[in-house]
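Structural overview
So you can see what is in the structure, the chains are spelled out below.
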Amino acid sequence: MTEFGCMDARQIAQGLRAHDFTAREVAEGALSRVEEVDARVNAFLEVTPELALAAADKVDAALAAGSDEDLGPLAGVPVAFKDNMNLVGTHTTCASRMLENYVSPYTATCVQKMLDAGTIPLGKLNMDEFAFGSSTETSAFGVTKNPWDLERVPGGSSGGSAAAVASGMAVIALGSDTGGSIRQPGCFTGTVAVKPTYGVVSRYGIVAFGSSLDQVGPFSHTVRDAALALNALSGRDPRDCTSQECTVDFTANLDEGAAGMKIGIVPEFMHAQGLEPEMAAAVEEAAAKLEAAGASLVEVELPNAQAAMSAYYVLGPCEAFSNLSRFDGVRYGYQDPGHKDLNSQDDASRAKGFGPEARRRIMLGSYLLSAGVYDTYYYPAQQVRTLITADYKRAFEKVDAILAPVSPRTAFKIGEVSDPTTMYLSDIFTISINIAGNGGMNMPLGFGRDSGLPVGCQLIAPPFKDENMLRVAAELERIYGSAPVAPEFAEGRE
């Protein structure tokens, strides 16, 4: 039996047009794969076989009618969505008891665009509750496991998205990134993982964590598949005033190589406290290989980057507090029974509906926005944001892209990191570009020399120049190869 999870979009398109298989066979194979594999991984919170088969039949009907020229490059590609993305008729739980029974009455723009591109929707994916976490351990429905080592986390908060691709259940998965929630799980699972510039992809229909920080992006095994997904996702949406016009073909320069490009190296990142030697070595090796391929390495300074973590954990909780205030158990969300007054019902519903990390961030945001505290923390955090954005702007006057670590370490064991502050430091290298709004991605670089686990590098682009980082990633992909399916889930596959 053909295993479609190890194919890329181009191979699926070629197979469909050559009549080697049908889109329904792709859908049935992918659904069988989820049924076979997910009991060990726990990446899916809901599987949507009816939607998948209906989408596949639509592709097959177009092929049978001879209108395959109208089919896009993602037609017939199995895809899955992080469970903070609304898809009409499915549950959108954000991995929280608060929304356990919530059924989407509408579809997010990013999801609709992938459906319009002809993809096969397999279902909704596990995540840290309301995207609060870096390990997918805060999910109310159980931790997702890393396909490379089932005793380790896949990263977070988009851990289900990363694991679905790494285990070969989905060819492409969508995640969201507020402070590293696409790139860090991409690094932990050895997948290509892209957070585009803020505004490239509409946020309409995404349950918000930090509205000024959130951005949607794809996970995949190849840079080209990620670029194809961005082609489908990008563009102005009248329902999201922060979205921008985007006419870029993100696949256009993937074959140009890195020769002549200027790649920025940030000494503050490469010598940061807590960066494990094997992670630093992987990035240094990638820099050397890019230089050998004709790129120039240029040191750039980001003097305020060390303040990004402090600013983020002011701005993020403040926005989370505001966004989560709507979940009161009245209009929707968990409603605790047996109360005689609205105040006690609201208090109990929120206390029982939200998990510990969500409650922690709500309380922190409430404090930071309170009278007498607001001016002390929130305004300075916004000033730091301006300084960090200016730092990146100056750096990109010298370089085309920046190369940096993604995570200070490889995937840690489930339950190993219990201290919230230590967990927050997982995003030390990723947060600054959410603050500034730049595009960034994880590019897999093989495996750590000590741990044997996936390692990767972060590529950062100037605003609305995401094609720069994709071009560099494509060069690294030619050197290191495309991201493989984890061996335990690849055995016996064609």
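Cut-offs applied
All chains use their own residue numbering, which begins from 1 and follows the written sequence. Per-residue local features are limited, in this predicted model, to residues with pLDDT of at least 70; the limit for side-chain atom pairs, both in listing and counting, is 80 or more; totals at the level of whole chains, interfaces and linings are taken over all residues. Heavy atoms from the whole structure form the basis of all side-chain values; hydrogens and water molecules are not counted. Secondary structure elements follow DSSP: runs of H or I of four or more residues count as helices, runs of E of two or more count as strands, with numbering from the N terminus. Throughout, exposure labels follow a simple rule: accessible area from a 1.4 Å probe, protein chains only, divided by the maximum for the residue type, with under 20% read as buried, over 50% as exposed, and the rest as partly exposed. For this analysis, residues touch if any pair of their heavy atoms sits within 4.5 Å. One bridge is not enough; two strands pair if DSSP finds at least two bridges between them. For helices, the fitted axis covers only the stretch in contact; all axes are lines through C-alpha atoms, and the angles between them, taken along N-to-C directions, range from 0 to 180 degrees. In this analysis, rings of Phe, Tyr and Trp, with Trp reduced to its six-membered ring, are considered paired at centre separations within 6.5 Å, and the interplanar angle assigns stacked below 30 degrees, edge-to-face beyond 60, and tilted for intermediate values. Patch definition: residues above 30% relative accessible area lacking any salt bridge, with like charges linked at up to 9 Å and the nonpolar side chains Val, Leu, Ile, Met, Phe, Trp and Tyr linked at up to 5 Å. Computed with the Shrake-Rupley method and a 1.4 Å probe, the accessible areas treat only the protein chains shown as cover for residues. Basic side-chain nitrogens of Lys or Arg form a salt bridge, by our definition, when they fall within 4 Å of a carboxyl oxygen of Asp or Glu. Think of a 1 Å grid over the protein atoms and nothing else: a 1.4 Å probe that fits but is trapped marks a cavity, an open set flanked by protein within 12 Å on at least five of seven lines marks a pocket, and residues with an atom within 4 Å of a point count as lining. Grid points are joined across faces, edges and corners, and a volume is the space filled by probe spheres set on the points. By the definition adopted for this analysis, an angle is roughly parallel if under 35 degrees, roughly antiparallel if over 145, roughly perpendicular if from 65 to 115, and oblique otherwise. Left-handed is the label given to a crossing in which the near helix is rotated counterclockwise from the far helix by less than a right angle, and right-handed is the label when the rotation is clockwise.

**With respect to the side chain of Asn323**
Positionally, Asn323 belongs in helix H10 (residues 308-324). Assessed through its relative accessible area of 8%, Asn323 is described here as buried. Once residues lying within four places of it in the same chain are set aside, the contact partners of Asn323 are Ala208, Phe209, Gly210 and Ser211.

**Overview of the sheet that holds strand E9 (residues 401-405)**
The strand order across the open sheet formed by 11 strands is E1-E3-E2-E4-E6-E5-E10-E11-E9-E7-E8, and the pairing between neighbours is mixed. The open sheet terminates on both sides in strands that have one partner only, identified here as strand E1 (44-47) and strand E8 (296-299). Each neighbouring strand pair of the sheet contributes to a mean axis angle of 30 degrees, computed without reference to strand direction. Here three bridges tie strand E5 (residues 192-195) to strand E10 (residues 439-447), and the two strands are oriented antiparallel to one another. Among the inter-strand pairings, Lys195 is bridged to a residue of E10, identified as Gly440. Contacts between helix H2 (residues 23-41) and the sheet are confined to E1, strand E2 (78-82) and strand E3 (120-125), with E3 contributing the most and set at about 20 degrees to the helix. Running at roughly 145 degrees to strand E6 (residues 215-220), helix H7 (residues 223-233) makes contact with strand E4 (172-177), E5, E6 and E10 of the sheet.

**Some words on the packing of aromatic side chains**
What the rule picks out here adds up to 15 aromatic pairs. Judged by centre distance (5.2 Å) and plane angle (45 degrees), the rings of Phe130 and Phe327 are tilted. Taken together, the positions of Phe130 in the loop between E3 and helix H5 (159-166) and Phe327 in the loop between H10 and helix H11 (342-353) put the pair 197 residues apart, joining distant regions of the chain. The residues Phe130 and Phe327 share a single accessibility class, namely buried. An angle of 20 degrees between the planes, with centres 6.2 Å apart, marks the rings of Tyr392 and Phe396 as stacked. By relative accessible area, Phe396 is classed as buried at 13%. An aromatic cluster is defined as three or more aromatic residues linked by ring pairs; in this entry it consists of Tyr102, Phe130, Phe132, Phe209, Phe327, Tyr332 and Phe354.

**Thoughts on a nonpolar patch on the surface**
A cluster of nonpolar side chains, Leu364, Tyr367 and Tyr377, forms an exposed patch at the surface whose accessible area comes to about 290 Å². With respect to the secondary-structure elements, Tyr377 resides in helix H13 (residues 374-395). For Tyr377, a relative accessible area of 38% gives the class partly exposed.

**A short note on the layout of surface pockets**
Remark: the empty space left among the atoms is shown by a probe the size of a water molecule rolled over them. In this structure, the largest pocket occupies an estimated 360 Å³ of space. Looking at the largest pocket, it is lined by 20 residues, and the ones nearest its centre are Ala55, Lys58, Leu115, Asp116 and Gly118. At the level of secondary structure, the elements contributing two or more residues to the lining of the largest pocket comprise helix H3 (49-64) and helix H4 (109-116). Take the lining of the largest pocket: its biggest share by element is six residues, from H3.

**Describing the packing of H4 against H7**
The geometry of a pair of packed helices is captured by two quantities: the angle between their axes and the separation between those axes. Remark: H4 packs on H7, axes separated minimally by 8 Å, with the N-to-C direction vectors making an angle of 110 degrees. The angle between H4 and H7 places the two elements in the roughly perpendicular class. Crossing handedness for the pair H4 and H7: right-handed. In contact with Cys110, Lys113 and Met114 of H4, H7 contributes Ala229, Ala232 and Leu233.

So far we have only geometry, and geometry alone does not tell us how the molecule works.
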